[in-house]
Amino acid sequence: MSDDAPVEGDEYSHTDGTTEIVYLTEDGRVLTLREYPSTNAFQDTVETAAYRGINEAVAALPGREGFLDMEFPEDDEDDGPT
């Protein structure tokens, strides 16, 4: 890991199979999005964490479909060949 400060969009691959992407907040905090390779891996990781409920701001974000990039039509499962 680099000693440099994190940069928006930095992506890390962890030895446990997770991927983590960095977002920076205006107040200097570091927010990350972490993808786990399976439900079991997620459950194992958060087993000892304190559950804090549902973050309503995140829950209100659009579903996966809202983030599909049209440059990658294979991601859009609903569209077939025309």
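Quick look at the structure, then.

Parameters and conventions
Residues numbered from 1 in each chain as written. Predicted model: local features only at pLDDT ≥ 70, side-chain atom pairs only at ≥ 80, totals over all residues. Heavy atoms only, no water. Helix = DSSP H or I, 4+ residues; strand = E, 2+ residues; numbered from the N terminus. Contact = heavy atoms within 4.5 Å. Pairing = 2+ DSSP bridges. Axes fitted to C-alpha atoms, helices over the stretch in contact; angles between N-to-C directions. Polar contact = N/O pair within 3.5 Å; in protein donor to acceptor, adjacent residues only side chain to side chain.

**Considerations on the environment of Leu 31**
Then comes step 1: With respect to the helices and strands, the residue Leu 31 is situated in strand S3 (residues 30-35).
Then comes step 2: C-alpha separation for the pair Leu 31 and Ile 21, spaced 10 residues apart in sequence, amounts to 8.5 Å.
Then comes step 3: Setting aside chain neighbours within four positions, we find Leu 31 in contact with Ile 21, Val 22, Tyr 23 and Thr 25.

**Let's talk about the sheet that holds strand S2 (residues 19-24)**
Then comes step 1: In spatial order, the strands read S1-S2-S3; together these 3 strands make up an open sheet with antiparallel pairing. Looking along the sheet, the strands with just one partner apiece sit at the ends: strand S1 (11-13) and S3. Averaged over all pairs of adjacent strands, the angle between strand axes in this sheet comes to 25 degrees, irrespective of strand direction.
Then comes step 2: Alignment of S1 against S2, held across 3 bridges, turns out to be antiparallel. Bridging from a neighbouring strand, Glu 11 pairs with Ile 21 of S2.

**Digging into the side chain of Thr 18**
Then comes step 1: Along the chain, the position of Thr 18 falls in the loop between S1 and S2.
Then comes step 2: Here Arg 34 takes part through its side chain, which lies 2.9 Å from a polar atom of the side chain of Thr 18.
Then comes step 3: Beyond its immediate sequence surroundings of up to four residues, Thr 18 is in contact with Tyr 12, Ser 13, Arg 34, Glu 35, Tyr 36 and Pro 37.

**A few points about the pairing of S3**
Then comes step 1: Pairing of S2 with S3 involves 6 bridges; the strand directions are antiparallel. Note that in S3 the partner of Val 22 across the bridge is Thr 32.
Then comes step 2: What sits between S2 and S3 in their antiparallel hairpin is a turn of 5 residues, with Gly 28 showing a positive phi close to 90 degrees.

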